[in-house]
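# Descriptive structure summary
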Amino acid sequence: MAKRVGVMTSGGDAPGMNAAVRAVVRAGINQGAEIFAIYEGYQGMIDGGDRIKPMKWEDVGGILHRGGTIIGTARAQAFRTREGRRVAVRNLLAHGIDSLVVIGGDGSLTGADLLHREWPEHVSELYQAGEISADVAERHGFISLAGIVGSIDNDMYGTDMTIGADTALHRITSAVDALTSTAASHQRAFVVEVMGRNCGYLAVMSAIATGAEWVLIPESPPATDDWESKMVQVLRDGLAMGRRDNIVIVAEGAQDRYGKPIPVTHVRQVLEERLGEDVRITVLGHVQRGGSPSAYDRVLSTIMGVEAVDVVLSAGPDDEPVLIGIQNNKIIRQPLMYCVAKTREINESIQTLNFDRAMELRGGGYQEAFRILRTMVRAMPHAPQEGKRRLRIAILNAGGAAPGMNAAVRTAVRLSVDKGHIPLGVMRGFRGLINNQIQEMGWYSVNGWAPLGGSVLGTSRKVPDVSELYTVARTLEENKVDALLIIGGFAGYRAAAILQRERRNFPSFNIPIFCIPATIDNNLPCAEFSIGADTALNNITEAVDKIKQSAVASNRVFVVEVMGKYCGYLALMSAISTGAERVYMHEEGIRLADLQQDIVQLRESFAAGKRLGLMIRNEEANPRYTTDFLAAVFAEEGGDLFDVRVSVLGHLQQGGDPLPFDRILAARMLARAVEFIDEQCRSIQFDPPAVGIGHVSGELRLTPLHEVMRMADEVWHRPRDQWWMRLRPVARMMAHLSPSETMPKAHVSPPHLEDGVVSSAMRSRFPPQIGED
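Just so it is clear, the model here is predicted, and its values are computed rather than measured. (Residues numbered from 1 in each chain as written. Predicted model: local features only at pLDDT ≥ 70, side-chain atom pairs only at ≥ 80, totals over all residues. Heavy atoms only, no water.)

## Description of the overall build of the protein
As a reminder, the rule being used: Helix numbers and strand numbers start at the N terminus; a helix is a DSSP run of H or I with at least 4 residues, a strand a run of E with at least 2. Throughout, the radius of gyration refers to the C-alpha atoms, and the reference size of a globule is 2.2 Å times the residue count to the power 0.38. Throughout, exposure labels follow a simple rule: accessible area from a 1.4 Å probe, protein chains only, divided by the maximum for the residue type, with under 20% read as buried, over 50% as exposed, and the rest as partly exposed. Here the Shrake-Rupley method, with its probe set to 1.4 Å, supplies the accessible areas, and only the displayed protein chains count as covering residues.
Counting its secondary structure elements, the protein contains 24 helices and 26 strands. Whereas a compact globule of 773 residues would reach a radius of gyration of roughly 28 Å, the protein reaches 27 Å, a difference of no more than 12%. Viewed in the frame of its principal axes, the protein has a C-alpha envelope of about 90 × 70 × 45 Å. Relative to its full complement of 773 residues, the protein shows a buried share of 64%. Put simply, the protein shows about 28,100 Å² of open surface, and 47% of that area lies on carbon and sulfur atoms.

## Side note on the confidence of the model for the protein
Just so we agree on the cut-off: pLDDT measures the predictor's confidence residue by residue and takes values from 0 up to 100. The contact criterion used is simple: two residues touch if any of their non-hydrogen atoms lie within 4.5 Å.
For the protein, per-residue confidence averages 91 on the pLDDT scale, and 94% of positions sit at 70 or higher. Across residues 737-773, confidence stays below pLDDT 50; counting only partners more than four residues off in sequence or on other chains, it has 154 contacts.

## Describing the packing of helix α11 (residues 336-351) against helix α12 (residues 355-362)
Formally: Orientation is described by lines fitted to C-alpha atoms, with helices fitted over the stretch in contact, and by angles between N-to-C directions that extend from 0 to 180 degrees. Each angle is binned into one of four classes, with values under 35 degrees roughly parallel, values over 145 roughly antiparallel, values of 65 to 115 roughly perpendicular, and all other values oblique. The crossing is said to be left-handed when, going from far helix to near helix, the turn is anticlockwise and less than a right angle, and right-handed when the turn is clockwise. Each residue gets one label: Ala, Val, Leu, Ile, Met, Phe, Trp, Tyr, Cys and Pro are nonpolar, Asp, Glu, Lys and Arg are charged, and the others, such as Gly, are polar.
For the pair α11 and α12, the least separation of the axes is 7 Å and the interaxial angle reads 150 degrees. As far as their axial angle goes, α12 and α11 are roughly antiparallel. Handedness of the crossing formed by α11 with α12: left-handed. Mapping the contact onto sequence places K342, E345, I346, S349 and I350 in α11 and F355, R357, A358, L361 and R362 in α12. Residue composition of the contact of α11 with α12, grouped by class: 5 nonpolar, 1 polar and 4 charged.

## Quick notes on the environment of R90
Examined against the element boundaries, R90 turns out to sit in helix α3 (residues 82-94). We classify R90 as partly exposed; its relative accessible area is 31%. Separated by 80 residues in sequence, R90 and S10 have C-alpha atoms that sit 19 Å apart. Beyond its immediate stretch of four places on either side in the chain, R90 contacts L126 and E131.

## Quick look at α11
Put simply, the test is: Multiplying 1.5 Å by the helix residue count minus one yields the expected span of that helix.
When the terminal C-alpha atoms of α11 are compared, their 23 Å separation across 16 residues agrees well with the 22 Å that a helix rising 1.5 Å per residue should span. Lining the buried residues of α11 we find α4 (106-128), β5 (144-149), β10 (322-327), β11 (330-335) and α12. One or two positions beyond α11, positive phi appears at L353, with a value near 65 degrees.

## Description of the nonpolar core
We count it as follows: Only buried residues count toward a nonpolar core, which is a set of Ala, Val, Leu, Ile, Met, Phe, Trp, Tyr and Cys residues joined through side-chain atoms within 4.5 Å.
Core analysis: the largest hydrophobic core is formed by 171 residues, its most contacted members being V267, L271, L485 and Y569. With near-sequence residues (within four places) excluded, Y569 lies in contact with D521, N522, F529, A533, L537, W723 and W724. If you look at the next biggest cluster of nonpolar residues, it comprises 38 residues, including A394, L433, L469 and F490.

## Describing the pairing of strand β15 (residues 483-488)
It is a general feature of regular strands that their side chains alternate between the two faces of the sheet. Rules: One bridge is not enough; two strands pair if DSSP finds at least two bridges between them.
Within β15, 6 of the 6 residues are buried, leaving the element largely enclosed by the surrounding structure. The side-chain alternation of β15 yields two buried faces, one formed by A483, L485 and I487 and the other by L484, I486 and G488. Of the pairings in the sheet, the one linking strand β12 (residues 392-398) to β15 comprises 6 bridges and is parallel in character. The residue of β15 that forms the bridge with N397 is I487. Looking at chain direction, β15 and strand β16 (residues 513-517) are connected through 5 bridges and run parallel. Across the sheet, L485 pairs through a bridge with F514, a residue of β16.

## Things to note about the pattern of salt bridges
Note the following rule: Think of a salt bridge as a Lys or Arg side-chain nitrogen and an Asp or Glu carboxyl oxygen that are within 4 Å of each other.
Per the stated rule, a full pass over the model turns up 46 salt bridges. Ionic pairing is found between E345 and R357, a salt bridge with its closest N-O pair at 2.9 Å. You can see E345 sitting in helix α11 and its partner R357 sitting in helix α12, a full 12 residues away along the chain. Taking relative accessible area as the criterion, E345 reaches 24% and is therefore assigned partly exposed. The closest approach of N and O atoms between R378 and D418, which form a salt bridge, is 3.7 Å.

## As for the sheet that holds strand β7 (residues 214-216)
As summarised here, the arrangement of the 4 strands in space is β7-β8-β6-β9, forming an open sheet in which the pairing is parallel. With one partner strand each, in any of the chains shown, β7 and β9 (279-283) form the two edges of the open sheet. This sheet shows a mean twist of 15 degrees between the axes of neighbouring strands, independent of strand direction. Where strand β6 (residues 189-194) and β9 come together, 5 bridges link them in parallel fashion. Considered in β9, the bridge of V191 is made with I281. Docked against the sheet, helix α6 (residues 165-186) engages β6, β8 (246-251) and β9, running at close to 170 degrees with respect to β6.

## A look at the layout of surface pockets
Threshold: Cavities and pockets were defined on a 1 Å grid built over protein atoms only: a cavity is a set of grid points that admits a 1.4 Å probe from which the probe cannot escape, a pocket is an open set flanked by protein on both sides within 12 Å along at least five of seven lines, and lining residues are those with an atom within 4 Å of any such point. Grid points are joined across faces, edges and corners, and a volume is the space filled by probe spheres set on the points.
Considering only enclosed or pocket space, the largest pocket measures out at about 880 Å³ in volume. Taken together, 32 residues form the lining of the largest pocket, with G11, R75, D106, G107 and S108 sitting closest to its centre. Residue assignment for the lining of the largest pocket shows that the elements contributing at least two residues are α4 and α11. For the lining of the largest pocket, the element with the most residues is α4, which contributes 6 residues. Taken together, the residues of the lining of the largest pocket sort by class into 9 nonpolar, 14 polar and 9 charged. What the second largest pocket holds in volume is close to 700 Å³.

## Looking at the pairing of β6
Summarising burial for β6: 6 of the 6 residues are buried, a large majority. Of the two faces of β6, the one carrying A189, V191 and E193 and the one carrying F190, V192 and V194 are both buried. As paired strands, β6 and β8 are joined by 6 bridges and run parallel to one another. Opposite V194, over in β8, you have A251 as the bridge partner.

## Observations concerning the sheet that holds strand β1 (residues 4-9)
If you trace the 7 strands from one edge of the open sheet to the other, you get β3-β2-β1-β4-β5-β10-β11, paired in mixed fashion. Edge positions in the sheet fall to β3 (52-55) and β11, since each has one partner strand and no second. Ignoring which end each strand starts from, the neighbouring axes of this sheet average 30 degrees apart. The sheet contact formed by strand β4 (residues 99-104) and β5 spans 6 bridges and is parallel. Note that in β5 the partner of L100 across the bridge is L145. Contacts between helix α1 (residues 17-30) and the sheet are confined to β1, β2 (34-38), β3 and β4, with β4 contributing the most and set at about 165 degrees to the helix.

## Overview of unusual backbone geometry
Look at K480: it is not a glycine, yet its phi comes out positive at around 50 degrees. Among the structural elements, K480 can be located in the loop between α16 (469-478) and β15. Backbone geometry at H717 places phi at a positive 50 degrees, although glycine is not the residue there. Looking at the element boundaries, H717 is found in the loop between β23 (712-713) and β24 (718-719).

## Details of the packing of α12 against helix α13 (residues 364-376)
Two elements in contact, α12 and α13, have axes whose closest approach is 5 Å; the angle formed by their N-to-C orientations is 115 degrees. Regarding the angle of α12 to α13, the classification is roughly perpendicular. Contacts between α12 and α13 involve M359, E360 and R362 on the former and, on the latter, Y366, Q367 and F370. Each residue belonging to the contact of α12 with α13 can be placed in one class, and the counts come to 3 nonpolar, 1 polar and 2 charged.

The following block contains the structure:
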């Protein structure tokens, strides 16, 4: 008999919950289980009847892009009682459900754990009361349970990211960017309240992403009693230096070091009275919670949903409930109540004013972000230390423009100046080194750069040839450059490798060289995420969402071409985030047999009532089977069943303001580079480093440049080991499977996500399937 699994959403809604529900339904059906949706959370479990419904494959089609939760959520006071939980067990057993995936916050997960612990007692009592048969009691002696955290606050211990947090950060960043322009126009201050009752994650990260001037959070209140004077002085100094706007971000749970709440009204009053500015309050409220989920939240929810199904279908009577989380870019399983207990310990630490313990439990990434923020919000840098050598650090962009490059330069400039060094801006990449286009930069020369797309310094794909190396060397000598920061893609890395190789011939190349990955293609080795890739992925996702809305009104197949050159990252990840039926990548190639099968499945699907088909093709998937060719073949074979349209997204993927993930990643990477230069490079005499900096397994790593290049496929300009290809089975699993088709069980353990997406999975040998979104 097939295993029956219930899935429910509970507590506050979070963008991405629908993607998780979709993944549970489709992964469960894929593995032969029957999936039931429990509508309205625990209240639906108690009500029973039509609040518990079986789900078919097509029931979760077209919900990836929708905010909130289609199966509803509600508070259930009755579930807090033992009798209420007994009724819930009876209703679950009436449908043969003894496995449960709960998507919600710590309160919802605590309730699920209580249900798990009481389950055998309730089953015994129901049998003794004659409400269930002996056979039912015997077959359902325990319930398997997996929890997925859905919370925009990102406040759960045991996972670096929770479903909805990335989307909420998008909402805040977009709002503050808009407020900044109107604030500058009127020389006005804005006090912005963001969510986060006991967690300052949204406040801290949005302050880094937007370049806010001050932030107040629950875990680390101001260290002095008269913190208001310090805040006013910082803002006043900024105005004196020419800044026209002031943005103060306040977490809703902000308090002083004695536990007294700091409301936004108090902050406004202080600024009005002491700064003499026109001050406005903006409380973002539930706009942070609503709307379509980001690409990150869609992918994360999908991967977690697949993992949750694997947990409940393999659990035994002695297995404890687990929390599905993501740490160090890998999906993990941890004891559910251990994580809940630790989360409550953080809250208790804040309430008892043990702020050091609260920050410790938040984790190293949160602490690092807060340290960076404390420097970036300064109105003026620290004065140079007497006797300390002031390094001249050249900063340039190389390769194609990537959203987030300006945020990276801003961080590099400000942190360099704060440590007493002299940053030099190189215009137009290596062309600027060849043409000696270099200028000194200061603290306020990068004011307002964080939200800007493109590259203010300018960039190019120029790699100096042998005849130009002498000119580059002269430029470095004339400007007395002590270190070089290259923010860019493969062209920048190749140029850096040339400089390192030619050090014997050109002494001025014997300086520390740091390569920071910035390319929408996300194709650089030793870096799971490149600056700009997240923005490009979201640009694709938003465009495809609109394409799907236009196409669903008629029977239509869209073939969408995305960038990436020979790297399939954008193609595969956008296929997962948009629910594409098929993705064509250079890594796999395109075979005629694949196209034949795709055509057969498209025809069968549209004949059965399907109205939309979505195929995503990497721009270099195959030199002969082009996007236009695929569209022509599908159109010819589709006949009267469907028509076909092509959409080449082009440079809209590369443009636009950087999203918060890219801004924050840029800040973290450049902070690490400047810190390394400051602490170590001043003492290096003979073997200055040439390294690549990358986010790998949740931490920033420095890899020798020769090792980075060794791990690159020089022909196809991509890493030899592409972690995202391990997600290929997930894309296949989420595609259509007819009742007669079977696939091998795919165990998925993702990588990204503190700031980023997913890790290991078993690669399926079966061909991709075609079907509903």
